[in-house]
Amino acid sequence: MIRSLMLSVFLFAVSSMSMAGVSAFNMRKGVTDTSHQVYNLHMIIFLVCCLIAVVVFGFMFWALLKHRKSKGAKAANFHESTKIEILWTIAPILILVLMAIPATKVLISMEDNSEAQMTIMVTGSQWKWHYRYIEDDISFYSLLKTSDDEIDNKVEKQEHYLLDVDKPLVIPIHTKIKFLLTSDDVIHSWWVPDFSLKKDAVPGFINEIWTNVNDAGTYRGQCAELCGVAHGFMPIVVVALEQDEYKTWLADQLKQKAILIEKEKQSVGETLSLEQLMAIGEQVYVERCAACHQADGKGMSGIFPALAGSKIANVAGDYKTHIDIVLNGKSGTAMQAFKNQLSLVELAGVITYERNAFGNTTGDVIQAEVIQLILNPVQQDSQSSVQSTDQMPEQSKEGVKQ
Amino acid sequence: MNQHTSIKAATGWRRWVYTTNHKDIGTLYLWFSLIMFFTGGLMAMIIRAELFQPGLQLVEPNFFNQMTTVHGLIMVFGAVMPAFTGLANWMVPLMIGAPDMALPRMNNWSFWILPFAFLILLSSLFMPGGGPNFGWTFYAPLSTTYSNDNTAFFVFAIHIMGISSIMGAINVIVTITNMRAPGMTWMKLPMFVWTMLITAFLLIMVMPVLAGTVTMVLTDKYFGTSFFDASGGGDPVMFQHLFWFFGHPEVYIMILPAFGIISTIIPTFSRKKLFGYHSMVYATVSIAFLSFIVWAHHMFTTGMPLAGELFFMYSTMIISVPTGVKVFNWIATLWRGSITFEVPMLFALAFIVLFTIGGMSGLMLAITPADFQYHDTYFVVAHFHYVLVTGAVFSIMAATYYWIPKWTGNMFHEGLAKTHFWLSLVSVNILFFPMHFVGLAGMPRRIPDYALQFADFNALISIGGFAFGLSQILFVVVIVKCIRGGKKAKANVWEDAEGLEWEVPSPAPLHTFSTAPTIK
């Protein structure tokens, strides 16, 4: 029975070998030279294991069938044969050497990070990915797009359930791309199966990996290292474009970036009503804060503090600490710094929301300008004070520390 | 010894709480292990129920993470390890012709602190903030800066389990070294005794490392140290080195005694001597040695230098040589034997096949470039459940069926026991085999919800899980029936079983070998 099981596994594997792309049973071939090599390596080891299994279990089941007492088998009286014992020690060693040679070759080429044509910094944080194109100075966060209603089974699940993001990483094909991986909080692991890439994002350290994609397309992966409550909800989507298409995309991104910076400048001068800010804030809160502090602001006792009725969020007029924690995070806890993740208006909105929702009654209305003043109290109009979603230049970060 | 028997034996609860008798303590360990097996199993049922369909239906992700964490901790430290300690307590003195364990009072203590460790661990599930939710591997900084306030309970529970294990190990080593019957030379030791001895050495060497690691977690979380915090000059990856320096030998702590059990059962029901006793001993020693130089194969994706990756790949691959020697030996023992299929033998044979499958996926995982794809997916989950459930747990069941007539004096109900075996065998494969597929297809482990393409296999896996879980109720039924009565067992329960344990009557009287037997 076991043998037939092994055989069917073997057949599944062989049949899926002939199919290109994704299999429900087997590792995918992927779209890079490396992933093809890894796939082949995997198949070789797998087949060698199957062969060994057939031989070993063959002997075993032969004995079980032929040498049973009910068939009148009398026990032989042999044991300890140096010859056989040397044979079954040496033979596996030879097989292992044969396996190790191709494995070593593939590994050496995978670890060769030299001569990369572009570099992307990948930063994991609870529970999203951040991408920074080092050469082109653009960067953005990539968040799960699947709605809570889908997860809670209230609406039908879409095709790419849990594997869809609001803003995918876009890369050109036929380009050697180096990824620098790190993390803002706990260890995450960036995994795109089609590229055969998996490496941990470790806080305080930088890991390097590279890829060179052959085919344009959309490739999906997930965080592979347990990273907290929403570990299952931080997918990775990479869109690989033809090189000219990529250039168009890049130009478009740079244009959008300029527009965003302009918008941020304007927002400082605008005054929004409580309702407007609450509306903006609620949306941000649901997307970014509710995973920990919960939709009702009550937090999770013993892990994530409540905002409802808290000293920080519910004392009218005393909003300095609240803003500081949202902007800079709270060291030694899971609370992250949001100053680079959200725009001024979004920050203003979410803080206003937190001070006036879940039964909090401060009545405080925080405008973008207030945030801007706290972030950068000295200069107002100069270049470095310009804030945008995650586009803050390095020097102004220095000015934030109070 | 005569002194002992002249004192009126304690009865009722006092017998069990005050006991210094190796058989009673063995029984306590085994019952405790069974209770923990069901507790951890219940958590596995919750996990599989949530994963039955995509979407969140039953539990919150935070509770799901607590279930995966505590399931792992309980099965490793509460079910498998105490079961082997229990078997060692019962059988080692009987097998070497000793009257008891060398340190009977310590033996009592090493058992009785164990229930408190698990009470502490389990109680944290009911505290505000919940129990540990960072995986049984408790990687920092998830278990330090980012864990809930009850982490101290987890740390102290691990400390107590560690103390218990170390004391148990000391007892095994001292007993085997000093209390063998005259004539019982090292190379006459039964295989199970050899494997327990080597396991005990592994325990003494790695448990203190674990204790140190959890203490560093404790001080990082509560006392401001930065062992694992880069912003204070520490290194989160160092945690993993420390943990797996404990963790990999720990894997062998859970499988070496299983090897010993299988090496005992296969010859009995093949009516033939173990093929290569000497090479089995050497293979066990080599595996134990190698287990100390392979730990970083759990960490290939953490960003190691190429030389490190190559070293740990090669050293890991080499482990399959002594492991292969073991499997070949069992098969050579079966070869031209006179084989019968009693229940312990059925479990032992299933062990050989299914453990070998787990060993082969282990070899695949050793290949670093391929491991980048397998790592942290269900392929790994499939691998370690094959070696731990159809490996370690099946061996414990085989051992239970093999020796329970000696313990109770009664034969177990063979029909029920066979049903238990076949139900377990089929369901365990429905449970764990498809995990290879979903893993290769790209499903990460430790997620409470998954993408739609994994739905069919997950439903199947869950069905297998429920079936396997329910089948184990039969195991309890067989055990309880066997304790209550049944056909009386002879001293030598199985036709030609070898070993001193078969020379004492069944059930084994409370005190055996008060005068040492002589070994030819």
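So, how was this worked out
- Residue indices follow the written sequence of each chain, beginning from 1 at its first position.
- Here the convention is simple: chains get letters from A, ligands get numbers from 1, in the order in which they are written.
- Side-chain atom pairs in this predicted model are given and counted only at pLDDT of 80 or more, local residue features only at pLDDT of at least 70, and totals for whole chains, interfaces and linings cover all residues.
- Calculation of side-chain values draws on the structure's entire complement of heavy atoms; hydrogens and water are dropped beforehand.
- Helix numbers and strand numbers start at the N terminus; a helix is a DSSP run of H or I with at least 4 residues, a strand a run of E with at least 2.
- Here the term buried applies to any residue with accessible area under 20% of the maximum for its type, exposed to any over 50%, and partly exposed to those in between, with areas from a 1.4 Å probe on protein chains only.
- Residue contacts follow a heavy-atom distance rule, with two residues in contact if any of their heavy atoms lie within 4.5 Å.
- Two parts placed together each lose some accessible area under a 1.4 Å probe, and the buried area is that loss summed for both.
- For this document, the term salt bridge refers to a Lys or Arg side-chain nitrogen within 4 Å of an Asp or Glu carboxyl oxygen.
- We call two N or O atoms a polar contact when they sit within 3.5 Å, provided that within protein one can donate a hydrogen and the other can accept it, with sequence-adjacent residues counted only if both atoms are side-chain atoms.
- Aromatic pairs are defined between Phe, Tyr and Trp rings, using the six-membered ring for Trp, whenever the two ring centres lie within 6.5 Å; interplanar angles under 30 degrees are classed as stacked, those over 60 as edge-to-face, and all others as tilted.
- Should the NZ of a Lys or the CZ of an Arg lie within 6 Å of a ring centre and within 35 degrees of the ring normal, that charge is described as sitting over the ring.
- As a per-residue quantity, pLDDT reports the predictor's confidence and falls between 0 and 100.
- Take the number of residues in a helix, subtract one, and multiply by 1.5 Å to get its expected span.
- One axis is fitted to the seven residues ending at the residue and one to the seven starting there. The bend at that residue is the angle between these axes.
- Among buried residues, those of type Ala, Val, Leu, Ile, Met, Phe, Trp, Tyr and Cys that are joined through side-chain atoms within 4.5 Å constitute a nonpolar core.
- The domain boundaries here were taken from an automatic or database domain assignment.
- A strand pair is defined by DSSP finding two or more bridges across the two strands.
- Orientation is described by axes fitted as lines to C-alpha atoms, over the contacting stretch for helices, and by angles from 0 to 180 degrees between their N-to-C directions.
- Here a patch means residues that are over 30% exposed by relative accessible area and free of salt bridges, tied together within 9 Å if like-charged and within 5 Å if nonpolar (Val, Leu, Ile, Met, Phe, Trp, Tyr).
- Using a 1.4 Å probe, accessible areas were evaluated by the Shrake-Rupley method; residue-level cover was limited to the displayed protein chains.
- Note on disulfides: each one is a pair of cysteine sulfur atoms within 2.5 Å.

A.B. asks: What is the right way to look at the overall build of chain A in this model?
C.D. replies: Each helix and strand in chain A was counted, giving 10 helices and 10 strands. When burial is assessed residue by residue, chain A has 52% of its 402 residues classed as buried. Taking as baseline every contact in chain A between residues at least 6 positions apart, the subset at least 24 positions apart corresponds to 63%.

A.B. asks: Looking at this model, I keep getting lost on the interface of chain B and chain A. Mind explaining?
C.D. replies: Note on interface size: it is often stated as the accessible area lost on association of the parts. If you look at the interface, chain B gives 100 residues, while chain A gives 96 residues. Taken together, both faces of the contact between chain B and chain A bury some 8600 Å²; the carbon and sulfur share is 70%. Per-residue buried area on chain B facing chain A is highest for Y146, F275 and Q373 of chain B; these three make up 9% of the total on that side. At the surface where chain B touches chain A, the tally comes to two salt bridges. K199 of chain A is the partner of E309 of chain B in a salt bridge, and the nearest nitrogen-oxygen pair spans 4.0 Å. Our enumeration of links across chain B and chain A arrives at 25 residue pairs in polar contact (both at pLDDT 80 or more).

A.B. asks: Help me understand the packing of aromatic side chains in this model?
C.D. replies: Note on aromatic pairs: each is described by the distance of the centres and the angle between the planes. All chains considered together, the criterion is met by 64 aromatic pairs over all chains. Relative to Y402 of chain B, the ring of F269 of chain B lies with its centre 5.9 Å away and its plane at 70 degrees, an arrangement referred to as edge-to-face. Highlighted residues: F269 of chain B in helix α10 (residues 256-270) and Y402 of chain B in helix α15 (residues 378-408), separated in sequence by 133 residues. The two residues F269 of chain B and Y402 of chain B agree in class, both being buried. In this structure, R288 of chain A is placed above the aromatic ring of Y141 of chain A, and the distance from its NZ or CZ to the ring centre is 5.7 Å. Above the plane of the ring of W186 of chain B lies R180 of chain B, whose end atom (NZ or CZ) is 3.9 Å from the centre.

A.B. asks: Sorry if this is basic, but what is going on with the confidence of the model for chain A here?
C.D. replies: Interpretation of this model should avoid reading the predicted coordinates in detail wherever pLDDT is low. Scored by pLDDT, chain A has a mean of 86; 89% of the residues are at 70 or more. Across residues 14-20 of chain A, where pLDDT falls below 50, the model places six contacts with residues more than four positions away in sequence or in other chains.

A.B. asks: Explain helix α8 (residues 191-222) of chain B here, please?
C.D. replies: Because the α-helix completes a turn every 3.6 residues, residues three or four places apart line up on one side. Counted at 1.5 Å a residue, the expected span for α8 of chain B with its 32 residues is 46 Å, and the 46 Å between its end C-alpha atoms agrees. At V206 of chain B, α8 of chain B shows its maximal bend, which comes to roughly 30 degrees, and the proline P208 of chain B appears one to four places after that position.

A.B. asks: Help me understand the nonpolar core, please; the structure alone is not making it clear to me.
C.D. replies: Nonpolar side chains in soluble globular proteins tend to end up buried together. Counting residues in each nonpolar core, the largest one holds 282 residues, and the members touching the most others are M60, I120, Y133 and W190 of chain A together with F77, F118 and W403 of chain B. Look past the residues within four positions of M60 of chain A in its chain and what remains in contact with it is I331, L334, L349, I352 and V353 of chain B. Within the second largest apolar cluster, 28 residues are counted, among which are I323, L327, L342 and I366 of chain A.

A.B. asks: Quick question: what am I supposed to make of the domain arrangement of chain A here?
C.D. replies: Residues and elements named next belong to chain A. The assigned domain composition of chain A is domain 1 (2-110), domain 2 (118-241) and domain 3 (258-398). Its C-alpha centre places domain 1 at a distance of 34 Å from the equivalent point of domain 2. Taken together, the 10 residues of domain 1 in the interface contact 11 residues of domain 2. Taken over both partners, the interface formed by domain 1 and domain 2 buries close to 890 Å², and the fraction arising from carbon and sulfur atoms is 48%. Among the residues of domain 1 in contact with domain 2, R28, V31 and T32 are the three that bury the most area, contributing 58% of the side total. Taken together, the links from domain 1 to domain 2 amount to one salt bridge. Across the contact surface, domain 1 and domain 2 share seven residue pairs in polar contact (both at pLDDT 80 or more). Going through the elements one at a time, α2 (33-66) and α3 (82-110) are the ones with two or more residues in the side of domain 1 that touches domain 2.

A.B. asks: Would you mind showing me how to read the sheet that holds strand β2 (residues 128-133) of chain A here?
C.D. replies: Whenever strands of a sheet pair, they do so through backbone hydrogen bonds, lying parallel or antiparallel. Residues and elements named next belong to chain A. Strand order in the open sheet formed by five strands is β3-β2-β1-β5-β8, with mixed pairing between adjacent strands. Lying at the two open borders of the sheet, with one neighbouring strand each, are β3 (138-142) and β8 (207-211). Neighbour-to-neighbour, the strand axes of the sheet open up by a mean angle of 20 degrees, direction not taken into account. Alignment of strand β1 (residues 118-125) against strand β5 (residues 177-183), held across seven bridges, turns out to be parallel. From the neighbouring strand, M118 faces β5, where its bridge partner is I177. In this fold helix α5 (residues 243-269) packs onto β1, β2 and β3, with an angle of close to 90 degrees to the strand it touches most, β3.

A.B. asks: What should I look at first to understand a nonpolar patch on the surface in this one?
C.D. replies: All names here are of chain A. A surface patch of nonpolar side chains, about 360 Å² in accessible area, is lined by I93, V97, L98 and I101. Within the secondary structure, L98 is located in helix α3. Relative accessible area serves as the criterion here: at 62%, L98 is assigned to the exposed category.

A.B. asks: Quick question: what am I supposed to make of the state of the cysteines here?
C.D. replies: Here a disulfide denotes one covalent bond, and it connects the sulfur atoms of two cysteines. Evaluation of the coordinates by the stated rule reveals zero disulfides over all chains. Just so you know, C50 of chain A is unpaired, no disulfide at all, and the nearest cysteine sulfur is the one on C49 of chain A, 7.1 Å from it.

A.B. asks: Would you take a moment to explain the sheet that holds strand β9 (residues 217-222) of chain A for this structure?
C.D. replies: Residue and element names in this part refer to chain A. Pairing is mixed across the open sheet formed by three strands, whose spatial order is β4-β10-β9. At either margin of the open sheet sits one strand with a lone partner, and together these are β4 (169-172) and β9. Ignoring strand direction, the axes of neighbouring strands in this sheet form an average angle of 25 degrees. In the sheet, β4 pairs with strand β10 (residues 235-241) via four bridges, with the strands oriented parallel.

A.B. asks: I would appreciate a short explanation of the pattern of salt bridges in the present structure.
C.D. replies: Pairing is possible between side chains that carry opposite charge, provided their charged atoms lie close to one another. Following the criterion strictly, the structure yields 12 salt bridges over all chains and no others. Close ionic contact of K257 of chain A with D137 of chain A constitutes a salt bridge, the shortest N to O distance being 3.3 Å. Here D137 of chain A lies in the loop between β2 and β3 and K257 of chain A lies in helix α5, a separation of 120 residues in the sequence. With a relative accessible area of 16%, K257 of chain A lands in the buried category. A relative accessible area of 44% means that D137 of chain A is categorised as partly exposed. Of the charged contacts, one joins K418 of chain B and E414 of chain B as a salt bridge, the two residues approaching to 3.6 Å between their closest N and O atoms. Highlighted residues: K418 of chain B and E414 of chain B, both in helix α16 (residues 414-441), separated by four residues, approximately one helical turn. When salt bridges that share partners are traced, they join K69 of chain A together with R271 and E495 of chain B into one network.

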